[in-house]
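Below, each chain spelled out in residue letters.
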Amino acid sequence: MSTVETTYAGSFIAGAQHRNAGDPLEVVNPADGRPFAEVATATEADVDAAVQAAHQAQHTWSELAVSKRGEILGRAAHHVEEHLDELIPLLTREQGKTLRDSRIEIAKAIDTLMHYVGLSKSLRGAHTPNLDPGVEGYVLRRPIGVVGAIVPWNFPTTLLCNKLAPALVAGNTVVAKPAATTPLTTLRFAELLAEGGLPEGVFNVVTGRGSVAGEALVTHPLVRKIAFTGSTPVGERIMAQCAHGVKRVTLELGGSDPMIICDDADLAAAASAASMGRFYNCGQACLAIKRVYVFESVADEVIQSIAAKASRLKVGRGDAGGTQMGPMHTNAQRSEVAGQVSQSVGAGGELLTGGTAPDDPELTDGFFYSPTVVVDPPHDSAMATEEVFGPALPIWRVADLDEAIARANASQFGLGSSVWTRDLARAREAARRIEAGYTWINSRTKVYDELPFGGWKSSGYGKEHGEEAFDFYTETKSVVLGAS
Ligand code: NAD
């Protein structure tokens, strides 16, 4: 007999809850380690039911005027917004983040939906009037079909909506699979979109394990595109599987974003951005600042300032007032980060603060880890070469911009990056030379719907956000109109 408070059917298919046939998985509150819900997992047959529903809905959906699709999505998004106060504690409970951060995340997810609703009114195409005398050409855009959207646990709703918004506006239908540990907010989100008028089958959710439900989605012949956010090894596997049938794929993968702080920077602002950029969401963000390179002459001041900020952060339950940093999402995630820190400190890095779980007895059952700062670990240590997906920041002293850029680029990853300097020539040089999909100059690392986002190197393939996202949810066709 299960002791959890709630059991969930597990999928949302064709506008209704659907009971999965697979075994149940517990959903655990990261703040106290206790399971509070159980969700039946999707089997291959459950995934097939979702894909069939999306396939059936796709023709009618794609035949609507693009502005009509936008209008329907906009109304549905408003309905979700009206239930923000219900979604926020649910997200905090299953993910661990603070209530404030849950509010920011879900509001941002709705903003992204509305951004593409806005674009649905202004999409235009290319036309060439005179290819040959009397012959003209234009480029037709068609939806790809059924899209499989696979999402991790760190930002379940924003990472979903980054895919859902351009996919639906472009006329595709979607089957999403949230992480096995964060299914609940996504299921309720889908239900609310349906209540708000999104037609049945246009957006479906299957829950469960990546190795079962995820793989079934990736390999389903009716799924014509996979939009994946997650780790690089799983992304590589999915890309190889998508080679079969030349399935379309976009990959938003791991990162190890460098931040360069030059000697002429606004040092106080840079230190704040480093602390915010590293410890936000308990360091579990693809775009977190994961490596800092600071010019030698100002290094002591910057290091002290970042370490002081880190040690002052109030760590606690996400649902407790005043908490600035919640628990890590799972115990396994915490062990991984603790291992990377101890390896890097053992190899010669200087531990300035953190490096353990907090000693507050109220927090012993949760997956907490103190904000951690390590100075000058070897450049071949785990904190330098691997993605650190938690609240631990390595900082290195560097001689100049050349060394900083060389170190920044000596990584398999190329997601985000930032540079702090008052010298415009230096800033522009860094923006040109750093190998990454985003460079923020004197700015905190915030993603804008207006600009395309996507990693270089092992950090991904394809773009989300911006009008560019439509390129990854449509097929184009060149049409030539002859003279007669
Ligand atoms: P993960 O790759 O283990 O899982 C991500 C999703 O993929 C989950 O839904 C999981 O169930 C599913 N999955 C796992 N194996 C699968 C398989 N074989 N086939 C299909 N689906 C499968 O990632 P994670 O550890 O949950 O998330 C953290 C990672 O995500 C980090 O590396 C982080 O940097 C990355 N991330 C990247 C971005 C970005 O935009 N670039 C954003 C957020 C997180």
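Residues numbered from 1 in each chain as written. Predicted model: local features only at pLDDT ≥ 70, side-chain atom pairs only at ≥ 80, totals over all residues. Heavy atoms only, no water.

K.L.:
When you look at the sheet that holds strand 13 (residues 257-261) in this model, what are you seeing that I'm missing?
P.N.:
Each strand in a sheet pairs with another by means of backbone hydrogen bonds, the pair being arranged parallel or else antiparallel. With mixed pairing, the 7 strands of this open sheet are ordered in space as 15-16-17-14-13-19-20. Looking at strand neighbours, the two that pair on one side only are strand 15 (350-353) and strand 20 (440-441), the edges of this open sheet. Across 2 bridges, strand 19 (residues 418-420) lies against strand 20 in parallel orientation. Opposite Val 419, over in strand 20, you have Ile 441 as the bridge partner. Packed on one face of the sheet, helix 13 (residues 401-409) meets strand 13, strand 14 (289-295) and strand 17 (392-398) and runs near 160° to strand 14. (Pairing = 2+ DSSP bridges. Helix = DSSP H or I, 4+ residues; strand = E, 2+ residues; numbered from the N terminus. Contact = heavy atoms within 4.5 Å. Axes fitted to C-alpha atoms, helices over the stretch in contact; angles between N-to-C directions.)

K.L.:
Quick question: what am I supposed to make of the site of the ligand here?
P.N.:
Of all residues adjacent to the ligand, which total 28 residues, the nearest are Val 151, Ser 231, Leu 253, Cys 286 and Glu 387. Within the side chain of Trp 153, one N or O atom sits 2.9 Å away from an oxygen atom of the ligand. Within the side chain of Lys 177, a nitrogen or oxygen atom sits 2.9 Å from an oxygen atom of the ligand. Relative to its free-state accessible area of 860 Å², the ligand is covered by the protein chains to the extent of 88%. Among the secondary structure elements, those contributing two or more residues to the shell around the ligand are helix 7 (210-219), strand 11 (223-229) and helix 8 (232-242). Its residues placed into classes, the shell around the ligand shows 15 nonpolar, 8 polar and 5 charged. (Near = heavy atom within 4 Å. Polar contact = N/O pair within 3.5 Å; in protein donor to acceptor, adjacent residues only side chain to side chain. Areas by Shrake-Rupley, 256 points an atom, 1.4 Å probe, with all protein chains shown as cover. Nonpolar A, V, L, I, M, F, W, Y, C, P; charged D, E, K, R; others polar.)

K.L.:
I keep staring at the packing of helix 9 (residues 267-279) against helix 10 (residues 296-312) and nothing clicks. Help me out?
P.N.:
Orientation of helix 9 relative to helix 10, taken along the N-to-C sense of each, is 45°, at an axis distance of 9 Å. In terms of orientation, helix 9 and helix 10 fall into the oblique class. Here helix 9 and helix 10 pass one another in a crossing that is right-handed. Residues Leu 267, Ala 271, Ser 272, Ala 274, Ser 275 and Phe 279 of helix 9 lie in contact with helix 10, whose contacting residues are Val 298, Glu 301, Val 302, Ser 305, Ile 306, Lys 309 and Ala 310. Among the residues making up the contact of helix 9 with helix 10, the classes are represented as 8 nonpolar, 3 polar and 2 charged. (Parallel < 35°, antiparallel > 145°, perpendicular 65-115°, else oblique. Left-handed = near helix turned anticlockwise from the far one by under 90°.)

K.L.:
Can you walk me through the environment of Ala 320 in this structure?
P.N.:
Within the element layout of this structure, Ala 320 appears in the loop between helix 10 and helix 11 (331-346). A relative accessible area of 34% places Ala 320 in the partly exposed class. (Buried < 20%, exposed > 50% of the residue type's maximum accessible area, 1.4 Å probe, protein only.)

K.L.:
Would you mind showing me how to read helix 11 here?
P.N.:
Three- or four-residue spacings in an α-helix give side chains the same orientation, since the helix completes a turn every 3.6 residues. Over its 16 residues, helix 11 runs 22 Å from end to end, which matches the ideal 22 Å to within 8%, given 1.5 Å per residue. Within helix 11 the residues assigned to the buried category are Gln 333, Arg 334, Val 337, Gln 340, Val 341 and Ser 344. Buried positions in helix 11, seen along its axis, are confined to an arc of 130° and lie on one side of it. Pointing more than 90 degrees away from the buried face of helix 11 are the exposed residues Ala 332 and Gly 346. Against strand 15, strand 16 (372-375), helix 12 (382-385) and strand 17 lie the buried residues of helix 11. Looking one or two residues past helix 11, Gly 348 carries a phi angle of roughly 130°, positive in sign. (Expected span 1.5 Å × (residues − 1). Arc of directions from axis to C-beta.)

K.L.:
Looking at this structure, how should I read the environment of Gln 52?
P.N.:
Checked against the element boundaries, Gln 52 lands in helix 1 (residues 44-63). Taking relative accessible area as the criterion, Gln 52 reaches 35% and is therefore assigned partly exposed. Not counting residues within four places of it along the chain, the set of residues in contact with Gln 52 comprises His 220 and Leu 222.

K.L.:
Just checking my understanding: could you explain the pairing of strand 14 for this structure?
P.N.:
Each regular strand shows side chains that alternate between the opposite faces of the sheet. The buried fraction of strand 14 is high, at 7 of 7 residues. By the bridge criterion, 5 bridges tie strand 13 to strand 14 in an arrangement that is parallel. By the bridge assignment, Asp 257 is partnered in strand 14 with Ile 289. Of the crossover connections in this fold, the one passing from strand 13 over helix 9 to the parallel strand 14 is right-handed. (Right-handed = clockwise from strand over helix to strand, strands pointing away.)

K.L.:
What is the right way to look at helix 6 (residues 184-195) in this model?
P.N.:
Compared with an ideal rise of 1.5 Å per residue, which puts 12 residues at 16 Å, helix 6 spans 17 Å between its outermost C-alpha atoms and is within 8% of the ideal. Within helix 6, 9 of the 12 residues are buried, which leaves it mostly tucked inside the rest of the structure. For helix 6, the set of buried residues is Leu 184, Thr 185, Thr 186, Leu 187, Arg 188, Phe 189, Ala 190, Leu 192 and Leu 193. Of the residues one or two after helix 6, Gly 197 is the one with positive phi, at around 110°.

K.L.:
Where do I start with the nonpolar core in this structure?
P.N.:
What tends to happen in soluble globular proteins is that the nonpolar side chains get buried as a cluster. By size, the foremost hydrophobic cluster in this structure holds 53 residues, and its most contacted members are Met 259, Ile 260, Ile 261, Val 292, Val 294, Ile 306 and Ile 395. Not counting chain neighbours up to four residues away, the residues in contact with Met 259 comprise Ala 270, Ala 273, Ala 274, Ile 289, Arg 291, Val 292, Tyr 293, Ser 418 and Trp 420. (Core = buried A, V, L, I, M, F, W, Y, C linked by side-chain atoms within 4.5 Å.)

K.L.:
Quick question: what am I supposed to make of the pairing of strand 5 (residues 34-40) here?
P.N.:
Counting buried residues in strand 5 gives 5 out of 7 residues, a clear majority hidden from the surface. The sheet contact formed by strand 1 (residues 6-8) and strand 5 spans 3 bridges and is parallel. Residue Thr 7 lies in a different strand from strand 5, and its bridge partner there is Glu 38. In this structure, strand 4 (residues 24-29) lies alongside strand 5, joined through 6 bridges in antiparallel fashion. Within the sheet, the bridge partner assigned to Glu 26 lies in strand 5 and is Glu 38. Two successive antiparallel strands, strand 4 and strand 5, enclose a turn made up of 4 residues, where Gly 33 displays a positive phi of approximately 70°.

Functional significance is not addressed by these values, which are geometric in nature.
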